[in-house]
Amino acid sequence: ILSVSGDHNDRLQAYRQAIEELIALDPDDYHAWVLRGNAEERRISGRGQGGRVGSVAYYDAALKRDPSNFGAHHYLVHSYEGLGHYEKAAKHGKIYADAVLGVPHSQHMYAHVLPRLGKWEEALEQLKKADDLQREYFQSGVAPIEEWHHGHNIHVMGAVQMRMGNYEEAEKLFEEAFHLKVRSLRDGRFADPWLGYLLMRGRFEEALNAALEAEKRPLAIARFIGASRAAEALIALGRVDEAEQAQERMKGY
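Residues numbered from 1 in each chain as written. Predicted model: local features only at pLDDT ≥ 70, side-chain atom pairs only at ≥ 80, totals over all residues. Heavy atoms only, no water.

Visitor: Hey, could you run me through the overall build of the protein chain in this one?
Guide: On a plain count of helices and strands, the protein chain comes out with 13 helices and 0 strands. Helices and strands appear in the protein chain in the N-to-C order α-α-α-α-α-α-α-α-α-α-α-α-α. Reported as C-alpha extents along the three principal axes, the dimensions of the protein chain are approximately 65 × 45 × 35 Å. Put simply, the protein chain has 253 residues, and 44% of those count as buried. A fraction of 49% describes how many contacts in the protein chain between residues 6 or more apart in sequence connect residues 24 or more apart. Each charge sign in the protein chain was given a centre, from 32 positive and 38 negative side chains, and these centres are 2 Å apart. (Helix = DSSP H or I, 4+ residues; strand = E, 2+ residues; numbered from the N terminus. Buried < 20%, exposed > 50% of the residue type's maximum accessible area, 1.4 Å probe, protein only. Contact = heavy atoms within 4.5 Å. Lys, Arg positive; Asp, Glu negative; His and termini not counted. Charge placed at Lys NZ, Arg CZ, Asp CG, Glu CD.)

Rendered as structure tokens:
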């Protein structure tokens, strides 16, 4: 598959065909059906987060062969959430959370969709479960930088706390996310909730200082976010010329 020539679509189609040939060898192989559901996404690196209608069919096929397959339930949460079917997403999220009690992400995924149903307190309870499990990982010797999920979970937990009016708790979580050491491109986004929170609360000098700190970070997304939020803070402080300079810096990131 790796040697297939042509554009991305040709390679993706070759990948899908290879999995279908695997399924033809053993139609009862539920792992292969799950893998084919992943491959229904738009890129070969699809891992269950971007599924839509096509993915649902393959995950359902896997569950017909193994109703307890928590991987299929996990990916159906993503697929149904993406399609806007939140009740169905929550149903599979509950099954996933109950099946894998000791994994932070399983508790997080159920919480992830509950706010869509207005179940804020239940979402917070699940997010706290995920957070407790995550911190147990760290106590056992896993370094936080090795686990991207921690930053995402506390970001969502902070958003839920803020929605419920618990601003002190939200502040602690957003600030923690801001200071996390990260290495991947996507993790650089955890800088933004803290900056946005400071701006929302009218703490413009603090927001500016934190934004300028973010601009010094190695990840381009963190620098871009820092410059963007710095411009907002500077405008609020009446320093328009400096805000325009920050906007110009954004173009270089």
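Visitor: Explain helix α8 (residues 148-163) here, please?
Guide: Because an α-helix completes one turn every 3.6 residues, residues spaced three or four positions apart along the sequence face the same direction. With 16 residues, α8 ought to run about 22 Å at 1.5 Å a step, and its terminal C-alpha atoms sit 24 Å apart, in line with that. The complete set of buried residues in α8 reads His 149, His 150, Gly 151, His 152, Asn 153, Ile 154, Val 156, Met 157, Gly 158, Val 160 and Gln 161. Immediately beyond the C-terminal end of α8, within one or two residues, lies Gly 165, with a positive phi of roughly 85°. (Expected span 1.5 Å × (residues − 1).)

Visitor: Help me understand the side chain of Arg 36, please; the structure alone is not making it clear to me.
Guide: Tracing the backbone shows Arg 36 in helix α2 (residues 30-39). Among the polar contacts listed, one links the side chain of Arg 36 to the side chain of Glu 40, at a separation of 2.8 Å. Residues in contact with Arg 36, not counting those within four places in the same chain, are Arg 16, Ile 19, Glu 20, Ile 23 and Tyr 58. (Polar contact = N/O pair within 3.5 Å; in protein donor to acceptor, adjacent residues only side chain to side chain.)

Visitor: In this structure, what is going on with the pattern of salt bridges? I would like to understand it.
Guide: A full pass over the atoms with the stated rule returns 16 salt bridges. Linking Glu 248 and Lys 251 is a salt bridge whose minimum nitrogen-to-oxygen distance equals 3.0 Å. Through salt bridges with shared partners, a single network forms among Glu 20, Arg 36 and Glu 40. (Salt bridge = Lys/Arg side-chain N within 4 Å of Asp/Glu carboxyl O.)

Visitor: Any chance you could explain helix α4 (residues 70-83) here in plain terms?
Guide: Taking 1.5 Å of rise per residue, the 14 residues of α4 would be expected to cover 20 Å, and the 20 Å separating its terminal C-alpha atoms lies within 8% of that figure. With 11 of its 14 residues buried, α4 lies for the most part within the structure. When α4 is considered as a whole, its buried residues turn out to be Gly 71, Ala 72, His 73, His 74, Tyr 75, Leu 76, Val 77, His 78, Ser 79, Tyr 80 and Glu 81. In the core, the buried residues of α4 are packed alongside α2, α3 (53-65), α5 (86-99) and α6 (104-113). Looking at where α4 begins, the residue whose side-chain oxygen comes 3.2 Å from the main-chain nitrogen of Gly 71 is Asn 69. Residue Gly 84 follows α4 closely and has a positive phi angle near 85°.

Honestly, it's all geometry; don't read function into it.
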